[in-house]
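# Breakdown of the fold
Okay, here's what each chain looks like letter by letter:
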Amino acid sequence: MFESYFHLRRLQQYRSGGGNASQSSQTSTQSQTQSSSQTDGSTGSNVLVAYFAVAENSEVDAASSASVVTVNGEAQGIVQALARMIQNETGGDLFSIQTSVDYPADRNDLIEYAQEEQDSNARPQLTAHIENLDDYDTIFIGYPIWWYDLPQVMYSFFDEYDFSGKTIIPFCVHNGSQFTGTIQTIQELEPNAEVITDGFTVNESNAADSAEDIAAWIEELNL
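Per chain, residues are indexed from 1 in the order of the written sequence. Side-chain atom pairs in this predicted model are given and counted only at pLDDT of 80 or more, local residue features only at pLDDT of at least 70, and totals for whole chains, interfaces and linings cover all residues. Note: side-chain values were computed over all heavy atoms of the structure, leaving out hydrogens and water.

What follows deals with the nonpolar core. Residues Y103, I141, Y143, M154, F157, F158 and F163 are the most contacted members of the largest nonpolar core, which totals 39 residues. Secondary-structure elements contributing two or more residues to this core are β1 (47-51), α2 (107-119), β5 (138-144), α3 (152-160), β6 (167-174) and α4 (182-189). Here a strand is any run of E in DSSP of at least two residues, a helix any run of H or I of at least four, and the numbering for each starts at the N terminus. Here this core takes five residues from α3, the largest share from any one element. The term nonpolar core refers to a set of buried residues drawn from Ala, Val, Leu, Ile, Met, Phe, Trp, Tyr and Cys, joined through side-chain atoms within 4.5 Å. We call a residue buried when its accessible area falls under 20% of the maximum for its residue type, exposed when it is over 50%, and partly exposed in between, using a 1.4 Å probe and counting protein chains only.

Below, the structure written as structure tokens:
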């Protein structure tokens with residue numbers, strides 16, 4: 001989301017950890033694995049489609065967020081829309097990565113906030129958790145590109161889960177950088193997983209119209 005506004009920044013060191021004073025307090029931990037019925041999918045329930053969408057972690061109504069698109073008349077988070085398209089093709093389960101942070105809905109405020117998170121090497125607290133990870137062999141993982149990197153909440157996500165022996169298939173939205181170095185970062189964070197380098201990436205302005213491209217991509221993956 002932010003690469004068209006700023007110069008390239010180096011990826012930060014992963015294992016050094018960090019905190020985020022701007023995180024909202026959370027009194028309880030929510031566990032949720034969102035499963036949805038499928039009409040076109042053939043791969044089945046061994047597939048999980050996990051994604052981080054700002055619109056589902058925003059401090060205002062999602063429809064007011066810059067991170068929302070309209071698909072078939074419904075306002076959805078940009079990455080959420082891609083995740084649903086992937087689910088339509090795979091029959092997998094959806095999992096929304098939730099955090100205690102209320103992200104700003106305004107684009108400029110979100111850019112500034114994301115920079116602060118990176119500068120502090122923050123690990124936002126996760127408030128939703130995958131309860132049955134052993135049931136899945138293939139994990140699609142989606143995210144926006146922030147400052148040429150994964151959002152910091154994705155580092156929290158990879159901190160929490162060991163995907164050893166599983167296949168990870170990345171997908172992302174961007175504003176010109178495509179995946180930048182994030183696939184390699186995921187490989188470093190999950191060295192015992194098979195990380196597919198032929199992920200799906202699309203400019204956020206075209207995300208709402210990606211259904212056919214995603215269908216063709218899924219077919220080429222030959223899951």
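Any carboxyl oxygen of Asp or Glu that lies within 4 Å of a side-chain nitrogen of Lys or Arg is treated as forming a salt bridge with it. Evaluation of the coordinates by the stated rule reveals two salt bridges. E204 is the salt-bridge partner of R107, the closest N and O atoms lying 3.0 Å from each other. Taken together, the positions of R107 in helix α2 and E204 in the loop between β8 (200-203) and α5 (211-221) put the pair 97 residues apart, joining distant regions of the chain. Salt-bridge contacts for R123 lead to D159; the nearest nitrogen and oxygen are separated by 3.3 Å. Taken together, the positions of R123 in the loop between α2 and β5 and D159 in helix α3 put the pair 36 residues apart, joining distant regions of the chain. You can call D159 partly exposed: its relative accessible area is 40%.

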